[in-house]
Amino acid sequence: MKPLLIFILAVCWSAARVTAEESLPTIRILPEDVVQASIEQFRGPSGTTNKFKVRWKYTEAGAKKMLTFWREHAGERVLEQVGNFESRPTISTAKPANWTEEGWLKSRTDKFFAVTEEEARKIVAGLKSK
């Protein structure tokens, strides 16, 4: 009886955890949100790590979409989806002290870093127009 109870509790905990993460505020970054020529994938520092970085520049509309999402969910746990890639839940935090929306709208850049090579490929595929 005890092993069955432990199994049932484990299944319920796992289901509750998945449901909680599914309800997190999520933004989907689409190819039309991104300047296609700006998408770049890099290996970590000096090429000596198995971690990768993908960076890009948003279109004007894509940048406004991201700013709206960041404002609406400041301080909350959020997810970002790009194609088949979903970020780990992160806290949408305040930007660095010298960061301003006006300044960011001039560069409109973003990135994922410390991702695996497979995750980097998924991100790039999700950002690129077909």
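Described below are features of the structure shown in this document. None of these values were measured; they are calculated from a predicted model. (Residues numbered from 1 in each chain as written. Predicted model: local features only at pLDDT ≥ 70, side-chain atom pairs only at ≥ 80, totals over all residues. Heavy atoms only, no water.)

Let us now look at the overall build of the chain. On a plain count of helices and strands, the chain comes out with 4 helices and 7 strands. Taken from N to C terminus, the helices and strands of the chain fall in the order α-β-β-β-α-β-β-β-α-β-α. Looking at the chain alone, contacts between residues at least 24 apart form 71% of all its contacts between residues at least 6 apart. As displayed, the chain offers around 8,700 Å² of accessible surface, 58% of which is attributable to carbon and sulfur atoms. (Helix = DSSP H or I, 4+ residues; strand = E, 2+ residues; numbered from the N terminus. Contact = heavy atoms within 4.5 Å. Areas by Shrake-Rupley, 256 points an atom, 1.4 Å probe, with all protein chains shown as cover.)

Next up on the list: the nonpolar core. In this structure, Ile29, Trp56, Ile123 and Leu127 are the most contacted members of the largest nonpolar core, which totals 23 residues. Contributing elements (two or more residues each) for this core: β3 (52–57), α2 (60–72), β4 (77–82), β7 (109–115) and α4 (117–127). (Core = buried A, V, L, I, M, F, W, Y, C linked by side-chain atoms within 4.5 Å. Buried < 20%, exposed > 50% of the residue type's maximum accessible area, 1.4 Å probe, protein only.)

Looking now at the packing of aromatic side chains. Considering all chains together, one arrives at 6 aromatic pairs under this definition. Their ring planes at 85 degrees and their centres at 6.0 Å tell us that Trp56 and Tyr58 sit as a pair that is edge-to-face. Residues Trp56 and Tyr58 agree in their burial class; the two are buried. Here the aromatic rings of Trp70 and Trp99 are separated by 6.5 Å at their centres, their planes lie at 70 degrees, and the arrangement is edge-to-face. (Phe/Tyr/Trp six-rings, centres within 6.5 Å; stacked < 30°, edge-to-face > 60°.)

A few words now on the side chain of Ser87. Among the structural elements, Ser87 can be located in the loop between β5 (85–86) and β6 (90–91). Judged by its relative accessible area of 9%, Ser87 falls in the buried class. Those residues in contact with Ser87, other than ones at most four positions away along the chain, are Leu79, Glu80 and Phe112.

A few words now on the pattern of salt bridges. Evaluation of the coordinates by the stated rule reveals 7 salt bridges. Its salt-bridge partner being Glu40, residue Arg55 comes within 2.8 Å of it at the nearest N-O pair. Highlighted residues: Arg55 in strand β3 and Glu40 in strand β2 (residues 40–43), separated in sequence by 15 residues. By relative accessible area, Arg55 is classed as partly exposed at 35%. Its salt-bridge partner being Lys122, residue Glu118 comes within 3.8 Å of it at the nearest N-O pair. Here Lys122 and Glu118 lie together in helix α4, a separation of 4 residues that amounts to about one turn. For Glu118, a relative accessible area of 53% gives the class exposed. Overall, the relative accessible area of 34% leaves Lys122 in the partly exposed class. (Salt bridge = Lys/Arg side-chain N within 4 Å of Asp/Glu carboxyl O.)

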